[in-house]
Amino acid sequence: MMGAGMRKRMGVLLLTLLFLTGCSSGPGPSSAPAAETSGGRETAAGLESTAPTAPTGGEPKPVTCSLASIRDKVKVKGRSSAVGEGVSLDWTASGLDIRGRFTGDVSLTANLDSGKDAYFEVVVDGNREQAAVFRMDPGVKTYPLASDLPEGEHTIELTKRTAATSNLVIAQSLTFTGELQTVPAAERRIEFIGDSLTCGLGSEDSGGTIQDRCKTEDGANTYAALTARAVGADYQVVSVSGWGVAAGADDKNWRISHIYEKASYRRDSEKLWDFSGFRPDLVVINLGSNDDNFRRRGGSLTDEEFVAGVRELIALVRQNNPGAEIVWAYGLQASTMHPLLVKSFEQLGAEGITVHYVRLPQNTDGGSNHASTYGHQYAAEKLTEQVKTIMGWD
């Protein structure tokens, strides 16, 4: 039987461990069902937690852990960087994959520190048919990810639906009752580079002009996300609505090559991405639609400038990902630039540089002539088939 002195020493030891690991024990934030909800609960100082207290037996207590302290357990998705004790979730499809033995509720404290209406998808235990969507509002708040979990092993996938142009988020801490388990990295890795099509803009609109940009943008279920899931790959997305190869829809300076090497071009225009942290086996580029839009809107862009832009971007991708295959996927919205893309790849091929070209099926049934949910699904089927052939993936 443990004496009072031993219990005291065990309590001190537990407190020490909690402090050292960046976690605190105590009552966790209350949870609500994670259907589409608005906002969360305000916190005064950022991380909602209480001072660590030693358990006295009985029911297990919730623990709050900073993201910095559990990065070896939680899989952080996308081009995410450390921000204080948290991690940035800025780019489309960035997020967290969580695994562990949990009971009760799991919640996230996050700071929407730029923009508004950041929408996230939550999938619990792989049940995508029951995926929930919630909206983050400006400021530091706590959001339920899962509620009333029966004791046992569970998985939680949190994925950002909205793009960096609309909002920037810092995930600060997780609160849960139980024990985290390490989420292993997939053996396959893909990077997707694109524009609003890769952001999922308007995919949940029913045609016409987009009325609620953030609400109907589903970056968690684009052709890119669906293709990555189909081949069992981890993936990250570098995409900006309106941007292109040699010109953007409204500005000739909106060129993806200008920001491709940035960790988060809107959060910190100077900070470079560490490419050693994510080495893709495959890079998929889906660009060209906005170069066409620039021309249609009266902008001056010669064929030679476009071809030069393609070559510049390919060189930049190859420089930073020397071991990756490169696929250029095009045609989901328009096909006007197809002849110039073919010309570019023929030139590169003659120089011993291979770029695999995949024509995507056109679909403009979503908002503002973007692909609908079905359009993304159909494009993913076609792209997955080609990717498996190119990469030799079963």
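For the structure, see preceding data.
Below: a short report on this structure. (Residues numbered from 1 in each chain as written. Predicted model: local features only at pLDDT ≥ 70, side-chain atom pairs only at ≥ 80, totals over all residues. Heavy atoms only, no water.)

1. So, the pattern of salt bridges
Now for step 1: Scanning the entire structure with this criterion turns up 16 salt bridges.
Now for step 2: Residues joined in a network through salt bridges with shared partners are Asp90, Asp113 and Arg267. (Salt bridge = Lys/Arg side-chain N within 4 Å of Asp/Glu carboxyl O.)

2. Overview of helix 6 (residues 338–350)
Now for step 1: Between its first and last C-alpha, helix 6 extends 18 Å over 13 residues, near the 18 Å set by a 1.5 Å rise per residue.
Now for step 2: Buried within helix 6 are the following residues: Leu340, Leu341, Ser344, Phe345 and Leu348. For helix 6, the angular spread of buried residues about the axis comes to 135 degrees, placing them on one side. In helix 6, those exposed residues whose orientation departs by more than 90 degrees from the buried face are Pro339, Glu346 and Ala350.
Now for step 3: Positive phi appears at Gly352, one or two residues downstream of helix 6, with a value of about 85 degrees. (Helix = DSSP H or I, 4+ residues; strand = E, 2+ residues; numbered from the N terminus. Expected span 1.5 Å × (residues − 1). Buried < 20%, exposed > 50% of the residue type's maximum accessible area, 1.4 Å probe, protein only. Arc of directions from axis to C-beta.)

3. Details of the pairing of strand 16 (residues 268–272)
Now for step 1: Both strand 15 (residues 262–264) and strand 16 contribute to a ladder of two bridges, which runs antiparallel. When the bridges of strand 16 are listed, Ser264 appears paired with Asp268.
Now for step 2: Connecting strand 15 to the antiparallel partner strand 16 that follows it, the hairpin turn spans three residues. (Pairing = 2+ DSSP bridges.)

4. Observations regarding the state of the cysteines
Now for step 1: Under the criterion given, the structure shown has one disulfide.
Now for step 2: At a sulfur-sulfur separation of 1.9 Å, the disulfide partner of Cys23 is Cys65. Across the disulfide from Cys23 to Cys65, rotation about the S-S bond amounts to roughly 110 degrees, and the bridge is consequently right-handed. Separated by 42 residues along the polypeptide, Cys23 in strand 1 (residues 23–25) and Cys65 in strand 3 (residues 63–66) bring together distant segments of the chain. Taken as a pair, Cys23 and Cys65 share a single burial class, namely buried. (Disulfide = S-S within 2.5 Å.)

5. Some details on the nonpolar core
Now for step 1: Membership of the largest hydrophobic core comes to 37 residues, with the highest contact counts inside it found for Ile285 and Trp328.
Now for step 2: Within the residue set of this core, elements represented by two or more residues are strand 17 (282–286), helix 5 (303–320), strand 18 (325–330) and helix 6.
Now for step 3: In terms of residue count, helix 5 provides more of this core than any other element does, seven residues in total.
Now for step 4: Setting aside chain neighbours within four positions, we find Trp328 in contact with Val245, Ile285, Leu287, Val310, Leu313, Ile314, Leu341, Phe345, Val355, His356, Tyr357 and Val358.
Now for step 5: Formed by 32 residues, the second largest nonpolar core is a distinct cluster that contains Leu67, Ile98, Val106 and Leu145. (Core = buried A, V, L, I, M, F, W, Y, C linked by side-chain atoms within 4.5 Å. Contact = heavy atoms within 4.5 Å.)

6. Regarding the sheet that holds strand 13 (residues 188–194)
Now for step 1: The sheet built from five strands is open, its strands ordered 14-13-17-18-19 with parallel pairing. Only two strands of the sheet have a single neighbouring strand rather than two, namely strand 14 (233–239) and strand 19 (356–359). Put simply, the sheet's adjacent strands are angled 20 degrees from each other on average, direction ignored.
Now for step 2: Both strand 17 and strand 18 contribute to a ladder of four bridges, which runs parallel. Counterpart to Ile285 in the pairing with strand 18 is Trp328.
Now for step 3: Against the sheet, helix 7 (residues 373–391) makes contact with strand 13, strand 17, strand 18 and strand 19, and its axis sits at roughly 160 degrees relative to strand 18, the strand it touches most. (Axes fitted to C-alpha atoms, helices over the stretch in contact; angles between N-to-C directions.)

7. What about the environment of Gly288?
Now for step 1: Position of Gly288 among the secondary structure elements: in the loop between strand 17 and helix 4 (289–296).
Now for step 2: Here Gly288 falls in the buried class, since its relative accessible area comes to 0%.
Now for step 3: C-alpha of Gly288 to C-alpha of Gly248: the two residues are 40 residues apart in sequence and 9.1 Å apart in space.
Now for step 4: If near-sequence neighbours (up to four positions away) are discounted, Gly288 is found in contact with Val245, Phe306, Tyr330 and Met337.

8. What to know about the packing of helix 5 against helix 6
Now for step 1: At their nearest, the axes of helix 5 and helix 6 sit 9 Å apart, and the two run at 50 degrees to each other. If you check the angle between helix 5 and helix 6, you find them oblique. In the packing of helix 5 onto helix 6, the handedness of the crossing is right-handed. Residues Asp303, Phe306, Val307, Val310, Arg311 and Ile314 of helix 5 touch helix 6, and the partners they reach there are Leu340, Leu341, Lys343, Ser344, Phe345, Gln347 and Leu348.
Now for step 2: Class assignment for the residues of the contact of helix 5 with helix 6 results in eight nonpolar, two polar and three charged. (Parallel < 35°, antiparallel > 145°, perpendicular 65-115°, else oblique. Left-handed = near helix turned anticlockwise from the far one by under 90°. Nonpolar A, V, L, I, M, F, W, Y, C, P; charged D, E, K, R; others polar.)

9. Some remarks on the environment of Gly207
Now for step 1: Mapping Gly207 onto the fold places it in the loop between helix 2 (196–199) and helix 3 (223–230).
Now for step 2: Counting along the chain gives 165 residues from Gly207 to Ser372, while the straight-line C-alpha distance between them is 8.3 Å.

10. Observations concerning unusual backbone geometry
Where the residue is not glycine, phi is negative for most of them; where a peptide bond is considered, it is trans in most cases.
Now for step 1: One non-glycine residue, Asp117, adopts positive backbone phi at about 55 degrees.
Now for step 2: Mapped onto the secondary structure, Asp117 falls in the loop between strand 7 (95–115) and strand 8 (118–124).
Now for step 3: Despite not being glycine, Ser368 shows a phi value in the positive range, around 50 degrees.
Now for step 4: Counting through the fold element by element, Ser368 comes out in the loop between strand 19 and helix 7.
Now for step 5: By relative accessible area, Ser368 is classed as partly exposed at 31%.

11. Quick look at helix 5
Now for step 1: Taking 1.5 Å of rise per residue, the 18 residues of helix 5 would be expected to cover 26 Å, and the 26 Å separating its terminal C-alpha atoms lies within 8% of that figure.
Now for step 2: What helix 5 keeps buried is the set Phe306, Val307, Gly309, Val310, Leu313, Ile314, Leu316, Val317 and Asn320.
Now for step 3: Contact partners of the buried residues in helix 5: strand 13, strand 17, helix 4, strand 18 and helix 6.

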